[in-house]
Amino acid sequence: MKQLYIVALFILFRPGTATAQQESMNLTLRQAIEIAQENSPEAQAARHTYRTAYWNFRFFRANYLPSVTLSSTPTLNREINKITQPDGTNQFIKQDQLSTDLSLKINQNIWFTGGGSLFVKSTTQRIDEFEDDIIAYNTQPVVVGYEQSLFGYNSLKWDRRIEPLRYREARKAYAEALELVASQTSTLFFNLATAQTNLDIATSNYASADTLYRYAEGRYNIGTITENEMLQLEINKLTEETNMMNANIEVEDEMQTFRSFLGINREVHLRVVPEDSIPQFEIPLQEALQYAFQHSPEPDTYERRKLESRSALASAKANAGLKADLYVQFGLSQTGNKFADSYRNPMNQQYASIGISLPILDWGRGKGRVRVARSNVDLVDTQAEQGIKDFELNVCKMVRQFNLQAYRVTVAAKTDRTAERRHEVARRLYILGKSTILDLNASITEKDTARRNYITALKTYWSLYYGLRSMTGYDFLRKAEISCVVPKP
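Calculation notes
- Residues numbered from 1 in each chain as written.
- Predicted model: local features only at pLDDT ≥ 70, side-chain atom pairs only at ≥ 80, totals over all residues.
- Heavy atoms only, no water.
- Helix = DSSP H or I, 4+ residues; strand = E, 2+ residues; numbered from the N terminus.
- Patch = residues over 30% accessible without salt bridge, like charges linked within 9 Å, V, L, I, M, F, W, Y side chains within 5 Å.
- Areas by Shrake-Rupley, 256 points an atom, 1.4 Å probe, with all protein chains shown as cover.
- Salt bridge = Lys/Arg side-chain N within 4 Å of Asp/Glu carboxyl O.
- Lys, Arg positive; Asp, Glu negative; His and termini not counted.
- Charge placed at Lys NZ, Arg CZ, Asp CG, Glu CD.
- Pairing = 2+ DSSP bridges.
- Buried < 20%, exposed > 50% of the residue type's maximum accessible area, 1.4 Å probe, protein only.
- Contact = heavy atoms within 4.5 Å.
- Axes fitted to C-alpha atoms, helices over the stretch in contact; angles between N-to-C directions.
- Parallel < 35°, antiparallel > 145°, perpendicular 65-115°, else oblique.
- Left-handed = near helix turned anticlockwise from the far one by under 90°.
- pLDDT = per-residue confidence, 0-100.
- Core = buried A, V, L, I, M, F, W, Y, C linked by side-chain atoms within 4.5 Å.

## Some points on unusual backbone geometry
Turning to step 1, where the next piece is worked out: The phi angle at Asn345 is positive, at roughly 45 degrees, despite the residue not being glycine.
Turning to step 2, where the next piece is worked out: Looking at where Asn345 falls in the secondary structure, it is placed in the loop between strand S8 (323-336) and strand S9 (347-357).
Turning to step 3, where the next piece is worked out: A positive phi angle, near 55 degrees, is found at Trp363, a position not held by glycine.
Turning to step 4, where the next piece is worked out: Assignment of secondary structure puts Trp363 in the loop between S9 and helix H8 (365-431).

## What to know about a positive patch on the surface
Turning to step 1, where the next piece is worked out: A cluster of like positive charges, contributed by Lys317, Lys367, Arg371 and Arg374, occupies part of the molecular surface.
Turning to step 2, where the next piece is worked out: Broken down by element, the positive patch gets its largest block of residues, 3 residues, from H8.
Turning to step 3, where the next piece is worked out: Tracing the chain through its elements places Arg371 in helix H8.

## Structural notes on the pairing of strand S3 (residues 75-84)
Turning to step 1, where the next piece is worked out: Sheet analysis places S3 next to strand S4 (residues 90-110), joined by 10 bridges and oriented antiparallel. Residue Glu79 lies in a different strand from S4, and its bridge partner there is Gln95.
Turning to step 2, where the next piece is worked out: Hairpin connection, S3 to S4: the antiparallel pair is bridged by 5 residues, and Gly88 has positive phi, about 95 degrees.

## Observations concerning the pattern of salt bridges
Turning to step 1, where the next piece is worked out: Taken as a whole and assessed by the stated rule, the structure comprises 20 salt bridges.
Turning to step 2, where the next piece is worked out: Measuring nitrogen to oxygen at the nearest pair gives 3.2 Å for the salt bridge that ties Lys237 to Asp210. In this pair, Lys237 sits in helix H5 (residues 227-262) while Asp210 sits in helix H4 (residues 155-221), placing the two residues 27 residues apart along the sequence.
Turning to step 3, where the next piece is worked out: Taking relative accessible area as the criterion, Lys237 reaches 17% and is therefore assigned buried.

## Notes on the environment of Ile135
Turning to step 1, where the next piece is worked out: Here Ile135 lies in strand S6 (residues 134-150).
Turning to step 2, where the next piece is worked out: Separated by 236 residues in sequence, Ile135 and Arg371 have C-alpha atoms that sit 60 Å apart.
Turning to step 3, where the next piece is worked out: When residues no more than four places from it in sequence are discounted, the contact partners of Ile135 are Arg126, Ile127, Asp128 and Asn337.

## Looking at a nonpolar patch on the surface
Turning to step 1, where the next piece is worked out: Where nonpolar side chains cluster on the molecular surface, the patch consists of Val68, Leu70, Leu102, Leu104, Ile106, Leu118, Val120, Val142 and Val144 and spans about 750 Å² of accessible area.
Turning to step 2, where the next piece is worked out: Elements supplying a minimum of two residues to the nonpolar patch: strand S2 (67-71), S4, strand S5 (116-129) and S6.
Turning to step 3, where the next piece is worked out: Per-element tally for the nonpolar patch: the top contributor is S4, with 3 residues.
Turning to step 4, where the next piece is worked out: As for its position among the elements, Leu70 is in strand S2.

## Points about the packing of H8 against helix H9 (residues 437-472)
Turning to step 1, where the next piece is worked out: Two elements in contact, H8 and H9, have axes whose closest approach is 7 Å; the angle formed by their N-to-C orientations is 155 degrees. Considering their axes alone, H8 and H9 lie roughly antiparallel with respect to each other. Where H8 crosses over H9, the two elements pack in a sense that is left-handed.

## Topic: the confidence of the model for the protein
Turning to step 1, where the next piece is worked out: When pLDDT is averaged across the protein, the result is 87; 95% of the residues are at 70 or more.
Turning to step 2, where the next piece is worked out: The low-confidence segment residues 1-20, where pLDDT is below 50, has 29 contacts with residues more than four positions distant or belonging to other chains.

## A short note on the nonpolar core
Turning to step 1, where the next piece is worked out: Among the nonpolar cores identified, the biggest contains 58 residues, and Phe258, Leu262 and Leu270 are the most heavily contacted of them.
Turning to step 2, where the next piece is worked out: Where this core is concerned, the elements lending two or more residues are strand S1 (24-27), helix H2 (29-39), H4, H5, strand S7 (269-272), helix H6 (285-295), H8 and H9.
Turning to step 3, where the next piece is worked out: The element contributing the most residues to this core is H9, with 11 residues.
Turning to step 4, where the next piece is worked out: Residues within four places of Leu270 in sequence aside, it is in contact with Met25, Leu27, Leu192, Gln196, Met255, Phe258, Arg259 and Leu262.

Below is the structure:
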């Protein structure tokens with residue numbers, strides 16, 4: 001039903017459906033959230049961010065899988081070059097040759113040995129000497145080799161610890177982003193509701209003020225009210241007329257902001273319909289903390305930052321000390337003037353090399369980098385510890401506020417009804433001449449304030465509700481974890 005509703009809504013909003021009158025639509029908070037989570041720019045940005053994290057994770061995993069590469073670098077050489085002769089002399093000799101090669105290589109990174117790579121390759125080379133019409137082949141049917149940087153920084157090992165955590169963080173962040181969209185939607189929803197309430201109040205007050213002014217004209221003509229009271233009623237009428245014009249502008253501004261957030265590009269007149277009732281339930285504090293640490297990306301963020309700081313320290317230590325590069329390969333090799341001859345009776349070949357680098361005098365650069373990295377580890381640990389404490393305190397604060405907010409909404413609703421009744425009584429008494437204009441104005445102010453406070457209480461309630469959903473990843477109303485449809489890559 002949700003998908004059918006969204007499809008129907010966007011058919012309504014798509015270009016080409018304009019009518020002679022401006023389109024209008026009533027929206028509940030739930031309907032607005034469904035539209036925002038599907039089509040708002042914030043939701044689309046969250047989906048793109050998740051897709052980026054997904055492909056980064058796929059790239060990370062591919063580093064631990066075998067790779068197969070086919071390569072070739074044909075070279076045509078027609079020039080005069082200085083060639084060293086067998087007796088050691090150099091001569092300028094004209095060369096006219098074509099060199100072609102084809103290599104197939106299978107490579108496998110080995111993370112647990114320190115970041116080395118094991119490879120198997122097969123290579124064929126051919127040289128065509130056009131001047132002497134000579135063809136020669138050199139083949140390496142099978143070559144097995146291994147290369148590794150000794151005592152170096154093992155990026156593969158650290159990536160195995162960091163990247164899965166980063167991807168898990170991204171999944172949680174996407175679910176959190178959708179709930180934050182819901183929270184922001186509720187805020188903008190009630191901003192528009194407040195503006196519409198102000199317009200309704202101003203319209204009602206203007207009609208009432210106009211009626212009272214016309215009624216007072218008759219009383220003034222017969223001398224039952226003073227000129228000062230008559231002027232006060234006229235001021236009330238003009239004030240409410242100004243309030244009504246200002247409220248119209250406020251409604252248009254809030255409506256435009258809300259349409260933009262929902263991703264609606266048509267000039268559709270939106271009328272929000274807040275629910276008068278709210279669910280009555282309380283959130284257990286310890287349960288909220290448990291779900292927050294389980295589903296929020298924030299703890300994973302701090303853990304990832306700690307691992308990244310330690311990875312940077314390991315890199316600084318590796319670069320400051322002894323470095324050695326090992327390369328070994330074993331295989332078969334043969335040459336021949338014919339392609340088939342180059343595969344007959346292949347000979348063994350071995351190659352091994354090791355390069356060593358030890359800094360003797362670097363004026364403390366390596367040591368300085370290590371100390372900076374170690375200091376950064378301590379800094380990140382301190383920030384992570386404080387961040388986790390702040391996160392926990394924030395959850396506790398929001399839970400306490402939410403559990404109290406339901407009662408505040410109830411009180412605000414009761415105050416709203418009482419103020420409305422009180423205004424009706426004050427209005428009747430004034431018409432009967434049994435109260436003053438000051439009492440009437442006070443009742444109008446109390447009525448308007450109570451109505452606005454009720455809308456504000458609803459706004460705070462739903463903002464806290466969806467804020468807690470984003471932090472905990474749990475729907476305490478339905479007692480279920482929030483399921484999030486992961487976007488397709």
